[in-house]
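A look at the structure
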Amino acid sequence: MKYKGSSDSWQVQCFCFFIVMFGECLGDIHYSVPEEMKRGSVIGRLTQDLGLDIKQLSARRARIHLQDSTRYCDIKLETGELIVNERIDREELCGQRPSCALNFELLLETPLELHRIIVEIQDINDNAPAFPTDFMKLEIGESADRGARFSVDEAHDPDIGINSVKSYALAPNDNFVLAVHMSADRGKYCEIVLENELDREKQAEVSLILTAYDGGTPQRSGTAVIQVTVLDANDNVPVFTQAVYKVSLDENAPLDTVVVQVTANDEDEGAYGEVTYEISHISGKDKTSFGIDPISGEIRVKGPLDFEESSFFEIRIKAKDGAGQAAHCKVLVEVGDVNDNAPKMFINSLNTPIAENSPLGTEVAIINIQDKDSDVNNKVVCSIQQDVPFKLIPTVKNFYSLVTEGELDREVVSEYNFTIIVTDEGSPPLSDSKALQISISDVNDNPPVFDQPSYSVFVSENNTPGSSICAVRARDSDWKQNGSVSYFLFPSEVSGLPTSSLVSINRDTGVIHALRSFDYEQFREFKLQVIAKDNGSPQLSNNVTVSIFISDQNDNSPQILYPVQSGKTFITEMVPRFAHARSLVSKVIAVDADSGQNAWLSYQIVKSTDPGLFTIGLHNGEIRTQRDISDFDAMKQNLVILVKDNGKPSLSSTCAVNLLISDNILDYSSEIKGHSTESENVSNMTAYLVIALAAVSFLFLIFIISILAVRFCRGGKPRMFLDSAVAIPGAYFPPNYAEVEGSGTLRHSYNYDAFLTTGSATSDFKFVKSYNEHTLPVDKPSRITEDSPMDPEGRTGCESNESVEVLAHENQL
């Protein structure tokens, strides 16, 4: 019979490129392409189908995410096209299944976006029909009647649909014709029909050529030779108890496990009734997974089964009797899934380091979980073992986003090391783990902090310019440039001088240097502000107050205020001849610009006309008589007083005190006149001075008479001197003079009113009413010792006081 294949118009389109999009679910894209396309062939344009710009594909790191290791498709970022990356063989992927599709995801980052892509693989006629064996043997008795039918093995074509086996053709011969049948179980199969009776004596063997054709374009075919041996009669064919056997089997079934036992019966006896079994065809990739016992018909597991590789097998069984008559059945084996695949974790887009000021919810990494198992064995739980400020958020399918959950502080924790564990819900559960290391990058969020809230520094005056005073130190817990600190002086003034002219600071070390020599008498302390700035962006700063105290040194000699030591001014104190012992004659007043013990002054007489007549208070400078004055004492007494401070080394000054012992004012005037004529610089106002002195003397005489009258009336001891204060003008004090009690330097309020003073006409002293704040007995003068209590300013707490005699005299007045 001559066979002529037919082709429909739609078959040509199997070789063309199809792109069809369907809305099965949101974000899904469907493509349909023929198998066996060349590498680099375009499947579809993702940018057009998803409405994306080509630049976004690279910016968002678009990539194809597959469930298995074979990357059949890939994306071309330059054009946004989905292309063929590996050879696609539909028969290898899906076998005889009517539908075959590749499922994978298109992954876009920032933000995370997942699109499911389904590429349906269309079958092309790339496989020819093939018989199980190229040579088949049949034994037919010569007694077979015309019309007898004999079954032969059908041809198989891995292609499906129109590309599978469509027709059979038998080469012309004298005895047989071909009958083609269609069955839901077996598909198209054929039988040879005896058209003319056989005669073994004429022809013992007959060779037939059987050809199977598919329906594809171009049409393909396969042939087999049927060798018919003419025998005596065998009129029964084996018959299976079931046409189709269905069985389920777990993928972890051990080797040699019995899957099913098939049974075929032949009513013939002897050799014609003996049935043997064989596997004529197995679908799937592995043809050696099953075997059959040719005698018993038991099908056993001969190789490892893997649900993930093949979940379904179709086995064709052939039963033959001793004469070659055969029957066929189908065994359908469904492989059940067991939890034999641990989930696999893949870390994608790991962003490390991450800034410490990242807001909550910042995405750190994308984690993909893959488990080849199915159903409940494919469900996974992902968790973080350690207590870290990160959490996992499920996004799409088996994708998780690792995001920040708490605030990050690099100064507290600079790096996190933790483990992510994924466990499936199978029995027993299987798991996988990944160790992650997330580094925290620094931002400038910490200002410099000084070691102390404030600094106090003591510097001796007369210091060397350029010497270091102190060092300030600020620490910044940030890293590198953000933690590098520089120091600056805040612009300010001290007594009208800018601080930059007094001190400088090293920008890198914080060491403060003196730019000039300090003078305690000019200023005793000053404050400055030091600013510490880091080098981050934005720049942060902090400041601290540095108090610099100038320590005093003994660099000022005592300055004598009274008596005034000037060439133009000559002061002579008058002492009544009837003055008694311990009478106050005069007082030396001196000050020292230094402070503390450097300003403690002591007085002593270094030279005198009569050494035993006068004495001076060691600490108060009061000149008193040591004994009663007699008529034999010289009228003119000259004293040289040494004033010395308590510094180391000690500094001193001297002054001359002129005393006139007389009970007559005229003697006093003549003495004054004599001294005036001896003076080199004689004033032109001498006449007026004499008149003024005469008037003062007259008033003084009246005052003395009054005192004597009061003294004699009360019967007391006469007093000629009043211990009263002398008002010292402010001009006699040095600049920045500090009052120090008990040091020999008098307070402003300690004044003396000197009587019978010859120099009153030219001096600055005034006659004022005496007053004092404290009185002490004359016979108990105050002394400064090493054990005397001292206040913080260096004073002993003991001050010079006026004598009791002054107080008594005031009471008399």
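Data block above holds the structure.
In what follows, the accompanying structure is described. Everything numeric here is computed off the predicted structure, so don't read it as measured data.

With respect to the overall build of the chain
Within the chain, the secondary structure is distributed over seven helices and 51 strands. For the chain, buried positions account for 45% of its 813 residues. Relative to all contacts within the chain whose residues are 6 or more apart in sequence, the contacts with residues 24 or more apart total 68%. Total accessible area on the chain stands at roughly 40800 Å², and carbon and sulfur atoms take up 51% of it.

Details of the sheet that holds strand S3 (residues 63–65)
Strands sit in the order S1-S7-S6-S3 across an open sheet of four strands; the sheet is mixed. With one partner strand each, in any of the chains shown, strand S1 (29–34) and S3 form the two edges of the open sheet. Between one strand axis and the next, the sheet turns by 35° as a mean value, whatever way the strands run. The pairing of strand S6 (residues 101–108) with strand S7 (residues 113–122) spans eight bridges and is antiparallel. Bridge assignment links Asn103 to a residue of S7, and that residue is Ile118.

A closer look at the nonpolar core
Counting residues in each nonpolar core, the largest one holds 27 residues, and the members touching the most others are Ile469, Ile512, Phe518, Phe526, Val530 and Val546. Elements with a minimum of two residues in this core: strand S33 (454–460), strand S34 (468–471), strand S36 (485–489), strand S39 (503–505), strand S40 (511–514), strand S41 (525–534) and strand S42 (541–551). For Phe518, the residues in contact, after removing those within four places along its chain, are Val459, Glu461, Asn462, Asn463, Ile469, Leu502, Val503, Phe523, Phe526 and Ile550.

Remarks on the pairing of S1
Among the six residues of S1, six are classified as buried, and the element is accordingly described as predominantly covered. Residues Ile29, Tyr31 and Val33 point to one face of S1 and His30, Ser32 and Pro34 to the other, with burial holding for every one of them. In this structure, S1 lies alongside S7, joined through six bridges in parallel fashion. The residue bridging Pro34 from the neighbouring strand is Gln122, located in S7.

About the cut-offs
- Residues numbered from 1 in each chain as written.
- Predicted model: local features only at pLDDT ≥ 70, side-chain atom pairs only at ≥ 80, totals over all residues.
- Heavy atoms only, no water.
- Helix = DSSP H or I, 4+ residues; strand = E, 2+ residues; numbered from the N terminus.
- Buried < 20%, exposed > 50% of the residue type's maximum accessible area, 1.4 Å probe, protein only.
- Contact = heavy atoms within 4.5 Å.
- Areas by Shrake-Rupley, 256 points an atom, 1.4 Å probe, with all protein chains shown as cover.
- Pairing = 2+ DSSP bridges.
- Axes fitted to C-alpha atoms, helices over the stretch in contact; angles between N-to-C directions.
- Core = buried A, V, L, I, M, F, W, Y, C linked by side-chain atoms within 4.5 Å.

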